[in-house]
Amino acid sequence: MQYRRLGRTDLDVSLICLGTMTWGQQNTEAEGHEQMDYALDQGINFFDTAELYSIPPRAETQGSTERIIGSWFKSRGTRDKVILASKVVGRSENTWFRDDGSPAELSRRQIEEAVNKSLKRLQTDYIDLYQIHWPDRPMPWGANPTVYRHMEGDSHPIAETVEIMTDLVKAGKIRHFGLSNESAWGTMTYLRHAEIKGLARVQSVQNAYNLLNRTYEVALAEVSTREQVSLLAYSPLAQGYLTGKYLDGARPAGARSTLFNRGQRYENATAEAAIRKYIALAREFGLDPAQMALAFVNSRSFVTSNIIGATSMAQLKTDIASIEVTITPELEKRIDAIHVEHCNPCP
């Protein structure tokens with residue numbers, strides 16, 4: 001396993017991070033424990049979860065993934081071997097996160113409630129990296145989130161959120177904090193407020209990054225590099241679409257899009273053409289398509305950790321083994337040629 005420094009902290013995290021969001025719906029507690037056992041044995045010291053999980057979000061299963069991790073910590077005595085990341089939800093109309101049934105928002109009261117409940121489910125006294133799952137302010141989600149359209153709406157000031165996170169660090173409940181699904185402007189605004197007031201600094205951004213969505217490279221990659229804010233890349237296989245298993249409308253038994261029909265982001269003609277070319281390229285170079293896609297993410301200098309997610313042990317073993325795959329200059333040139341022809345079809 002390879003390790004990279006998390007932001008400006010003293011933590012070295014594994015290049016492969018174990019994603020956990022399927023535990024509690026697609027995967028049982030026993031299967032989650034088996035995955036964590038194997039990952040730890042392979043040198044993975046970084047696990048990512050969230051109060052939201054498991055996925056898809058449901059009131060009945062909310063928090064189930066953290067509970068599975070907590071029961072593993074208790075049964076194995078492994079808390080000190082894992083750098084643990086979790087998340088607090090951003091603004092949402094969903095009311096099942098808070099005890100009083102309020103819609104979710106990043107108020108001090110709600111963040112403190114969220115972290116305390118996560119700590120209890122995880123059976124730990126601290127979270128190494130506590131992330132804001134998505135912004136509190138209105139953001140242009142939807143068909144093309146890369147096109148900025150200003151939206152007005154209620155939000156808590158970023159300066160206030162920085163102060164809350166700093167207080168959680170001082171209280172010892174979290175060691176560091178990070179962002180997720182965030183923009184370059186948002187990231188720099190967090191950094192500015194921290195610098196002005198000497199408060200806790202953002203150490204990471206967890207955003208989607210894969211061969212079908214390289215929009216992080218446009219602005220945020222420079223922020224990551226110059227400001228030492230780590231990219232924790234999620235969806236490196238584009239929810240499994242880069243394996244080719246959904247081509248021609250296929251719906252394999254047990255696969256996420258088969259079960260939940262949530263993959264529309266990756267279902268368009270341009271994406272399908274790009275996927276076919278990436279798969280053909282991998283095979284030309286004698287590579288597993290999934291491992292090539294993961295190795296590309298692993299090879300980026302601005303990526304600190306690549307968050308994989310698997311529902312079977314076979315998938316997990318394939319994904320972790322991607323660290324043995326090298327993206328040669330010739331292969332990268334060919335990948336970039338496909339990217340130019342089919343640029344970011346799934347932002």
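Attention here is on the structure that accompanies the text. Computed from a prediction, not measured in an experiment: that's the story for all the values here.

## Quick word on the overall build of the protein
Stage number 1. A count of helical and extended segments in the protein gives 11 helices and 10 strands.
Stage number 2. C-alpha extents for the protein along the principal axes are approximately 55 × 45 × 35 Å.
Stage number 3. Residue burial in the protein is summarised as follows: out of 347 residues, 56% are buried.
Stage number 4. Long-range pairs, those at least 24 residues apart, make up 75% of the contacts in the protein between residues at least 6 apart in sequence.
Stage number 5. Accessible surface computed for the protein: about 14500 Å², of which carbon and sulfur atoms make up 50%.
Stage number 6. For the protein, the separation between the mean place of its 39 positive charges and that of its 42 negative charges on side chains is 0 Å.

## Comments concerning the packing of aromatic side chains
Stage number 1. Considering all chains together, one arrives at nine aromatic pairs under this definition.
Stage number 2. Ring centres 6.3 Å apart and planes at 20 degrees place the aromatic pair Tyr-209 and Phe-296 in the stacked group. Here the residue Tyr-209 occupies a position in the loop between strand S8 (202–208) and helix H6 (220–227), and Phe-296 occupies one in helix H9 (residues 289–298), the gap between them amounting to 87 residues.
Stage number 3. Among the residues examined, Phe-296 registers a relative accessible area of 0% and is labelled buried.
Stage number 4. Arranged with centres 5.5 Å apart and planes meeting at 75 degrees, the rings of Tyr-209 and Phe-302 form a pair that is edge-to-face. With a gap of 93 residues between them, Tyr-209 in the loop between S8 and H6 and Phe-302 in the loop between H9 and strand S10 (303–308) connect regions that are remote in the sequence.
Stage number 5. In this structure Tyr-209 comes out as buried when scored by relative accessible area, which is 0%.
Stage number 6. Within the aromatic cluster, the residues linked to one another by ring pairs are Tyr-209, Tyr-216, Phe-296 and Phe-302.
Stage number 7. Note that Arg-79 overlies the ring of Tyr-126, its terminal NZ or CZ placed 4.1 Å from the centroid.

## Brief notes about H6
Stage number 1. The complete set of buried residues in H6 reads Leu-220, Ala-221, Val-223 and Ser-224. For H6, the arc enclosing every buried residue in end-on projection is 160 degrees, short of the 170-degree limit, so these residues lie on one face.
Stage number 2. Looking at the buried residues of H6, the elements they touch are helix H5 (184–197), S8 and strand S9 (230–234).
Stage number 3. Immediately downstream of H6, the backbone of Gln-228 shows phi near 55 degrees, a positive value.

## A short note on the side chain of His-156
Stage number 1. One can find His-156 in the loop between strand S6 (127–132) and helix H4 (158–170).
Stage number 2. Non-local contacts of His-156, meaning those with residues more than four positions away in its chain, are made with Arg-91, Glu-105, Leu-106, Ser-107, Asp-136 and Thr-161.

## Some thoughts on the environment of Thr-328
Stage number 1. Of note, Thr-328 is situated in the loop between helix H10 (313–320) and helix H11 (329–341).
Stage number 2. On the basis of relative accessible area, Thr-328 is assigned to the partly exposed category, the value being 32%.
Stage number 3. Along the chain, Thr-328 and Ser-299 lie 29 residues apart, while their C-alpha atoms are 9.8 Å from each other.

The rules behind each value
Residues numbered from 1 in each chain as written. Predicted model: local features only at pLDDT ≥ 70, side-chain atom pairs only at ≥ 80, totals over all residues. Heavy atoms only, no water. Helix = DSSP H or I, 4+ residues; strand = E, 2+ residues; numbered from the N terminus. Buried < 20%, exposed > 50% of the residue type's maximum accessible area, 1.4 Å probe, protein only. Contact = heavy atoms within 4.5 Å. Areas by Shrake-Rupley, 256 points an atom, 1.4 Å probe, with all protein chains shown as cover. Lys, Arg positive; Asp, Glu negative; His and termini not counted. Charge placed at Lys NZ, Arg CZ, Asp CG, Glu CD. Phe/Tyr/Trp six-rings, centres within 6.5 Å; stacked < 30°, edge-to-face > 60°. Lys NZ or Arg CZ within 6 Å of the ring centre and 35° of its normal. Arc of directions from axis to C-beta.

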